[in-house]
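Chain by chain, the residues:
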Amino acid sequence: MKSVFLMLAVLTLSNVLVQAQPGKEFVPEGNPKSADGYFKYQNFKDALAEYLVLKAKDSLNVEYTHRIGLCYLYTNIDKTKAIPYLEWVVKQEKFDQNAWYDLGRAYQYAYRFNDARTAFRKFASSGIKDNNPIPVERQLEICDQAEKLMKNPIDVSISNLGPTVNTPFPDYNPFIPKDESYLLFSSKRSGNMGGFIDYDGFLTADIYYSQRANAEWKKAKQLSSTINTYLVEEVAGLTPDGELLFLYFDNEYGIADIFMSEGKGRTFKRPEGMGANINQKSFEGGATMTMNKKVLIFSSNRAGSIGGMDL
């Protein structure tokens, strides 16, 4: 039975995974079907590249321009780059009225809250149904609250951990134990196991470790194959003592499930599933545990959720 499950898991994931070809970079062709396909499956990095080529060929195409704006909003490049594209869209005679909402979000990233409120109100008055994850009324409240907070800034120092930890690729979900002696994080960097391209155009995620010494972080290294596989492994949580690591698996062992591994630092045991009371036929993501390790809090979109991910 186990081998049958493993085969089904790999076949399911293979619908969105392709083998990366070392030495070959993605080159957009300006193909409308490819662009739409990338966008549909949330590979906004490659969708953006395709739509930019398409717009160069057809500069007056409203849909291409709107999609470029959305791609900038959905990627972590510079979300404010969406502004000129979305501003152009809303000046056209015919366009998707959702562009007003998208433009409002882009203005928020640029701290242009008056412009954001104007755009959100234009969307609200358009008469179309608001199906956005954050309703427009809440977005207006966010603009008001952001302005209040900016009048009384908090003195916070944010510094990049540098090239020993970060890469040009997505590095995310960082967790440290209470003593701050090491860092565990997820990464889609070059060199990950398997070499498969995930739905977003980057390699499938592996988990990395960096030790802290004299206030500096040492070069990050992959955890062993006890944790990482050729598919998707991400850090979902870590207890304050660093002895329990929670993992998000989308691989041959679990599909969108939470696993737990005992250990510390770079030495963790083979992960174990959390059982049917935690992992169901739904998406289970982040997890945290109380200090006494008697209560687990995790996120899921299982049946009965209020909407999206619930705790």
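Scope of this entry: the structure provided in the associated data block.

The rules behind the values
Residues numbered from 1 in each chain as written. Predicted model: local features only at pLDDT ≥ 70, side-chain atom pairs only at ≥ 80, totals over all residues. Heavy atoms only, no water. Pairing = 2+ DSSP bridges. Helix = DSSP H or I, 4+ residues; strand = E, 2+ residues; numbered from the N terminus. Phe/Tyr/Trp six-rings, centres within 6.5 Å; stacked < 30°, edge-to-face > 60°. Buried < 20%, exposed > 50% of the residue type's maximum accessible area, 1.4 Å probe, protein only. Lys NZ or Arg CZ within 6 Å of the ring centre and 35° of its normal. Axes fitted to C-alpha atoms, helices over the stretch in contact; angles between N-to-C directions. Parallel < 35°, antiparallel > 145°, perpendicular 65-115°, else oblique. Left-handed = near helix turned anticlockwise from the far one by under 90°. Contact = heavy atoms within 4.5 Å.

1. Section: the pairing of strand β14 (residues 296–300)
Then, in step 1: Where strand β13 (residues 284–289) meets β14, four bridges bridge the pair, whose relative direction is antiparallel. Bridge pairing links Ala 287 to Phe 298 in β14.
Then, in step 2: Between the antiparallel neighbours β13 and β14 lie six residues, among them Lys 293 with a positive phi of about 60 degrees.

2. Focus: the packing of aromatic side chains
The geometry of an aromatic ring pair comes down to the distance between the two centres and the angle between the two planes.
Then, in step 1: Counted according to the given criterion, the structure contains 14 aromatic pairs.
Then, in step 2: Relative to Phe 120, the ring of Tyr 101 has its centre 5.4 Å away and its plane inclined at 65 degrees; by these criteria the two rings are edge-to-face. Here Tyr 101 is found in helix α6 (residues 98–109), whereas its partner Phe 120 is found in helix α7 (residues 113–124), with 19 residues between them in sequence. Each member of the pair, Tyr 101 together with Phe 120, is buried.
Then, in step 3: Put simply, the rings of Phe 39, Phe 44, Tyr 51, Tyr 64 and Tyr 74 touch in pairs and so form one group of aromatic residues.
Then, in step 4: Across the ring face of Phe 202, the terminal group of Lys 45 is positioned such that the distance to the ring centre comes to 5.1 Å.
Then, in step 5: Lying across the ring of Trp 88, Lys 55 places its NZ or CZ 4.7 Å from the centre.

3. Topic: the packing of helix α2 (residues 32–40) against helix α3 (residues 44–57)
Then, in step 1: Where α2 contacts α3, the two axes come as close as 8 Å, and the packing angle between them is 150 degrees. Between α2 and α3, the crossing angle belongs to the class labelled roughly antiparallel. Viewed along their axes, α2 and α3 form a crossing whose handedness is left-handed. Every residue of α3 that contacts α2 at Pro 32, Ser 34, Ala 35, Asp 36, Tyr 38 and Phe 39 is listed here: Phe 44, Asp 46, Ala 47, Glu 50, Tyr 51 and Leu 54.

4. Remarks on the environment of Leu 184
Then, in step 1: Among the structural elements, Leu 184 can be located in strand β3 (residues 182–187).
Then, in step 2: Sequence separation of Leu 184 and Met 274 is 90 residues, and the distance between their C-alpha atoms is 20 Å.
Then, in step 3: Beyond its immediate stretch of four places on either side in the chain, Leu 184 contacts Asn 173, Pro 174, Phe 175, Tyr 208, Tyr 209, Leu 223, Val 235, Leu 238, Leu 245, Gly 265 and Phe 268.

5. Side note on the environment of Ile 207
Then, in step 1: Structurally, the position occupied by Ile 207 is in strand β5 (residues 206–213).
Then, in step 2: In this structure Ile 207 comes out as buried when scored by relative accessible area, which is 0%.
Then, in step 3: For the pair Ile 207 and Ala 236, spaced 29 residues apart in the sequence, the C-alpha separation amounts to 10 Å.
Then, in step 4: Residues within four places of Ile 207 in sequence aside, it is in contact with Phe 185, Lys 221, Gln 222, Leu 223, Ile 227, Asn 228, Glu 233, Glu 234, Val 235 and Leu 247.

6. Here's the deal with the packing of helix α4 (residues 62–74) against helix α5 (residues 82–89)
Then, in step 1: Relative to each other, α4 and α5 sit at 150 degrees, their axes nearing to 8 Å. Relative to α5, the element α4 is oriented roughly antiparallel. Crossing of α4 against α5: the hand is left-handed. In this structure, α4 uses Val 62, Thr 65, His 66, Ile 68, Gly 69, Tyr 72 and Leu 73 to contact α5, whose residues at the interface are Ala 82, Tyr 85, Leu 86, Trp 88 and Val 89.

It is worth stressing that arrangement in space is one thing and function is another; only the former is reported here.
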